[in-house]
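Coordinates in review
Next come the chains, spelled out residue by residue.
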Amino acid sequence: LRQRLIAQVGPQAATQPGYLVGGPKSIAEQLHRYVEQGVTAINLALRPPIDWEALDAFVKEVMPAFRS
C-alpha cells in the first residue's frame, strides 16, 4: 500500500505525517489517535487514479466508527 501511495503522490508520502495508509482497521486506529488529540474533523483528499474499492471500504468500514 505504501508503495502505491508513493507512486501516486510522490516520495513525500513516505516522510510526511498525515497520510493514512493501510487497511480499514489500521486507518481507523490512525484516526482514533487524531481524535484522542482533539481532532473533530478531517479533510479527505483523493488523487486520481482513485482506488474505488479502497474508498468504498473507507466509507463502509471506517466511517461508521466515527459517526455520532
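This report concerns the structure included in the present document. (Residues numbered from 1 in each chain as written. Predicted model: local features only at pLDDT ≥ 70, side-chain atom pairs only at ≥ 80, totals over all residues. Heavy atoms only, no water.)

Focus on a nonpolar patch on the surface
On the surface, Tyr34, Val39, Ile42, Leu44, Leu46, Ile50 and Trp52 cluster together into a nonpolar patch covering about 630 Å² of accessible area. On the secondary structure map, Tyr34 appears in helix 3 (residues 24–36). (Patch = residues over 30% accessible without salt bridge, like charges linked within 9 Å, V, L, I, M, F, W, Y side chains within 5 Å. Areas by Shrake-Rupley, 256 points an atom, 1.4 Å probe, with all protein chains shown as cover. Salt bridge = Lys/Arg side-chain N within 4 Å of Asp/Glu carboxyl O. Helix = DSSP H or I, 4+ residues; strand = E, 2+ residues; numbered from the N terminus.)

Details of the nonpolar core
In terms of nonpolar packing, the biggest core is built from five residues, these being Ile27, Ala28, Leu31, Phe58 and Val62. Looking at this core, the elements with two or more residues in it are helix 3 and helix 4 (52–62). Of the residues forming this core, the biggest block, three residues, is contributed by helix 3. Residues contacting Leu31, with those up to four places away along its chain left out, are Leu20, Ile42, Phe58, Val62 and Phe66. (Core = buried A, V, L, I, M, F, W, Y, C linked by side-chain atoms within 4.5 Å. Buried < 20%, exposed > 50% of the residue type's maximum accessible area, 1.4 Å probe, protein only. Contact = heavy atoms within 4.5 Å.)

Describing the environment of Ala57
Within the fold, Ala57 resides in helix 4. In the structure, Ala57 is positioned 34 residues away from Gly23 in sequence and 8.4 Å away in space, judged by C-alpha atoms. Once residues lying within four places of it in the same chain are set aside, the contact partners of Ala57 are Pro24 and Val62.

Brief notes about the side chain of Gln30
Relative to the elements of secondary structure, Gln30 occurs in helix 3. Each residue touching Gln30, except ones within four places of it in the same chain, is listed here: Tyr19, Leu20 and Val21.

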